[in-house]
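Okay, here's what each chain looks like letter by letter:
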Amino acid sequence: MSGDYKFDTLSLHAGHVPDERHGSRAVPIHQTTSYVFQNTEHAAALYNQELGGHLYTRISNPTVAVLEQRIAALEGGVAATATASGMAALATAVLVLCSQDDHIVSSSRMYGANINLLENTLPRFGITTSFVDPSDLAGIEKAIKPNTKMIFGEVIGNPGLDIMDVEAVAKIADKAGIPLMLDCTFNTPWLLKPFTLGANIIIHSLTKWIGGHGVAIGGAVVDGGNFDWGQNDKFPTIAGPHYAMDGINFYEEFGPAAFTAKFRAEGMYNFGPSLSPTNAFHILQGMETLPLRMQRHMDNTAKMLAFLSGHDQVAWVRHPSLADHPGHELAKRMMPRGAGSIIVFGLKGGRDAGRTFIESVELASHLANVGDAKTLVIHPASTTHSHISAEAMIEGGLSDDMIRLSVGLEDFDDIKADFEMAFRAAAKQQKARG
Amino acid sequence: MKHQLFDTSIHIATGGRPFANDGQALVLLHGSGQNHLTWVLQSRYFAYRGFPVLAPDFPGHGLSGGTPLDSIEAMAAWLIALLDSLEVKTACLVGHSQGCLVAIDAAARYPSRITRLGLIAGALAIPVNDQLLTMSDKALAKAISVMTSWGHGPMAHMHDNTQPGHSFLGYGNRLMASNNEMALRNDLMACNQYSAGQDAATKITQPVICILAGADRMTPLKHGIAMANSLVNSQKIILAGAGHMLPAERPAEVNHALRGFLAT
Ligand SMILES: Cc1ncc(COP(=O)(O)O)c(C=O)c1O
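Worth saying up front: this structure is predicted, and the values here are computed from it rather than measured.

> Explanation requested: the interface of chain A and chain B in the structure shown.
Accessible area lost when the parts come together is the quantity often used to give the size of an interface. With 45 residues of chain A at the interface, the matching set in chain B holds 33 residues. Across the chain A to chain B interface the summed buried area is about 3200 Å²; carbon plus sulfur atoms make up 54%. Of all residues in chain A, the largest losses of buried area upon contact with chain B belong to Glu50(A), Gln69(A) and Glu253(A), amounting jointly to 19% of the total for that side. Across the pair Arg259(B) and Glu41(A) runs a salt bridge, and its minimum N-O distance is 2.8 Å. For the interface between chain A and chain B, the tally reads 18 residue pairs in polar contact (both at pLDDT 80 or more). Those elements giving two or more residues to the side of chain A that touches chain B turn out to be α1 (7–13), α2 (40–47), α3 (62–75), β1 (79–83), α9 (244–247), α10 (250–254) and α11 (258–271) of chain A. By residue number, the principal contributor to the side of chain A that touches chain B is α3(A), which donates five residues.

Set out below in C-alpha cells:
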C-alpha cells in the first residue's frame, strides 16, 4: 500500500485482520471473561504490561480492542479505551486525571448528566468545577486556578448547540499546561477531528452516531498523545511513581500513551467500567457505515432546516448551519461538512403546542436518545434536563418550549409528512383552547 | 533514570527496575528520529527477566537534553563515553535501524567493550533519499508522517496491535514529534553520510543476531540479508510481513529471538 488508509476504509477495517486459524472476515465476538496463559511467566508479563495481550475482560478484550483501535485510528489518536457508556468514559477519565482538591474548568452548555457529574457528584470527592460559557474565551482563561487539571467541554453542546472554538480553547489550555478534554459525541470524527486543532483527550458516547442504531450503550476515551504530562508538576500520578506495577512512571515508560496506560492500569483495573464484547460488536457494525450515515444525516438535516425555517407554526429554529446562530461562522470553519444532525426548535403556542407535537408524531420516536438512524424527538425541560435547576437551564441557554430533534435517515418526504401532521394536531389543539 | 554526561542530562530507560550494574549491560539503541520509547516492549520485558537494561535517549531525543549528534561515529563515541561514566565494562548492544549502524561502529572500534550485537531491521549503510532529507529540514511534520507510514507494515496500517487499543501510526507520529526538532534531520544526515559500515563489519567477530522485517520499506530486507552475510559470526531471523518498526510490531517474536540469542 502506498499511503495510510483513508477514513471510510478505516471505518470498515481498522483494528481487525482476519485471523489465520479461522479466517473470520467479520470481527468475532470474544464472549469470554478470561484468557488462558501460556505459563506463569506469560501471566506475569501481561500483568506487568511487558507484553501486549489480554488477561481479563474487565481490563481488555479482543473484540473491544478492535473497536478501540478503530476509534483511535478514526480520530488520529495514539490509543483509545472503550467503556460501558459515555458517562463511564467521562467519569473514569476525570478520576484517572484528577485527585482530591483538584479543579476543572468546564463549559456550562452541556448534556445534563455531564453537568450533574461535575456540579453535584464530584465535589463530594473534593473535585470542583467552574462552569463558563464556552464562547467566553476570556472567562475560560480567567477561571483557571493553580489546581486546575483540565478544561472540558462539548464541541457541539447538547442540547443548546453552542459551538466551542476548539483551537482557541486548546491554546488557552496549552498555555496553562493542562489538557483540553472534549466530549465529541455530537460531532463524531467524521465532522471534526479535534486532535488536529490541539485537543488532547476525546470522550465519546458510542451509543449515539458512532453506534448509530440505538442497540448498544458504549463509550470511549481517546488519547491524542499530544500532551506533555511531564512539563510541570501537575500530574504526579502520571509523571511520577504510581503504586501500580512497582511504582511505574507512566510518562517515562509509555510516553505519548501515558494517559492511556494509566487509564487501563487504574481506571479499568480498579473502577471496572468495561464495555461488553457483544456491545462492542454491535457498535462496530454501526461504525462500518459511519461515513455513509453521517452524509445522509447532514443531507436530511439541511432539508429539515429549510422546512422548519419556512413553516409558519415554528416560532424559532436553532442550528449552527443557520446564519443567525452565534456559532455559525465558527461551525462552518471547523466543520465544513455540517454541524451535526440535532436541531432544536420551538412552536408558536410554546410548551403546550410542543407537547401536542411530540405526542402526535408517528414516524418520529419520542425517546431519550440521539444519533439513532431513526428520527427522534424529545422535550428536554421535562426529561433529560429535568434535574437541572431553572437558573441552570437558562444559564445553559435552554427554554422550556424547546423541542430537540435528532434527524434520522428516513426518506425526508416521510419525516416531513409526519411533522406536518403533528403540526396540524398542535394547531387544532391551540385553536380549541382559544 | 537521569544521568549527567558532558554537562547534559541524559534520560535512560531501565525497564521500570533500578539499573543494577554488574559491569555488563544490555543496551538498546534507538533509530533515526526515535527515542527510548521504541523499546517499550523490550526494556520492561528484559529488565524484569534479570537483564540490566539501558535504553538511552541520545542527546536531543526523548527526555534527554542537549543537541542531536551529527555522525554515526560521534554517536558510537558518545555511547562508549556513556558506558564509561556509568562504569559499565562490557555491553551487548541491540540496535534498531540507525541504532544498528551505531552498534556496528562501536563493536568494530571498541571490540573489548562490546560482547554481542542484536541488529534489528538494519543494514550496513542507510542511504536516505533527497526528498526525505529536505522534508526533515523544511517540513518536519510531513517527514514524520511519511516515515511513520513507510516504517510500518501492513498489519500496523490496519491498526492491528497486540497492545489493546493502541494505534501504531498515531503513536509513531507522536513519539517522533516529541523529540528536539533537529533530531530527525541530524539523524538522517548522519545515516546518509555513514560509509564505514562495510569496513566495520569485517572487523566484527562477536556473535550477532540479525532480526529482519520481510516488508521493510525503510531498510529493505535484501540489505539486511547482505548485512547478516557480511558478519562472520551471525545468525538471522526474518519475520515475514512485518514492517521496519519490528520492536513494536512483533514484540513477542523479537523478544523471544533476542532472549534465545542472549542465552547462548
Ligand atoms: C453529549 C453527550 N455526552 C455523553 C452522553 C452520555 O452517553 P451514554 O448515554 O452513552 O452514557 C450523552 C448521552 O446522551 C450525550 O448526549
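Read on, since the account is not over.
> What is the right way to read empty space enclosed by the protein from this model?
Rolling a probe over the atoms, with the probe sized like a water molecule, indicates the empty space that remains. Residue and element names in this part refer to chain B. Enumeration according to the criterion identifies four cavities of 30 Å³ or more in this entry. By volume, the largest cavity amounts to about 230 Å³. Lining the largest cavity are 19 residues, and of these Leu37, Gln163, Phe168, Tyr171 and Ala248 sit closest to its centre. Every element with two or more residues in the lining of the largest cavity is listed here: α1 (40–47), α7 (168–177) and α11 (246–249). When its residues are assigned to classes, the lining of the largest cavity shows 11 nonpolar, eight polar and no charged.

> Explanation requested: unusual backbone geometry in the structure shown.
When glycine is set aside, most residues are seen to have a negative phi, and most peptide bonds are trans. In this model, Asn158(A) is joined to Pro159(A) through a cis peptide bond whose omega is 0°. In this structure, Asp7(B) takes a positive phi of about 65° despite not being glycine. Residue Asp7(B) is classed as exposed on the basis of its relative accessible area, which comes to 75%.

> Hey, could you run me through the domain arrangement of chain A in this one?
Residues and elements named next belong to chain A. Splitting chain A by domain gives domain 1 (7–286) and domain 2 (290–433). On a C-alpha basis, the centroid separation for the pair domain 1 and domain 2 is 30 Å. Across the boundary between the two partners, domain 1 contributes 37 residues, which contact 42 residues of domain 2. Joining domain 1 to domain 2, the criterion identifies zero salt bridges. For the side of domain 1 that touches domain 2, the secondary-structure elements that each account for two or more residues are α1, α5 (112–121) and α8 (188–191).

Rules behind the numbers
- Residues numbered from 1 in each chain as written.
- Chains lettered and ligands numbered in written order.
- Predicted model: local features only at pLDDT ≥ 70, side-chain atom pairs only at ≥ 80, totals over all residues.
- Heavy atoms only, no water.
- Contact = heavy atoms within 4.5 Å.
- Buried area = accessible area lost by both parts, 1.4 Å probe.
- Salt bridge = Lys/Arg side-chain N within 4 Å of Asp/Glu carboxyl O.
- Polar contact = N/O pair within 3.5 Å; in protein donor to acceptor, adjacent residues only side chain to side chain.
- Helix = DSSP H or I, 4+ residues; strand = E, 2+ residues; numbered from the N terminus.
- 1 Å grid on protein atoms, 1.4 Å probe; cavity = no way out; pocket = protein on both sides within 12 Å on 5 of 7 lines; lining within 4 Å.
- Points joined across faces, edges and corners; volume = space filled by probe spheres on them.
- Nonpolar A, V, L, I, M, F, W, Y, C, P; charged D, E, K, R; others polar.
- Buried < 20%, exposed > 50% of the residue type's maximum accessible area, 1.4 Å probe, protein only.
- Domains from an automatic or database assignment.

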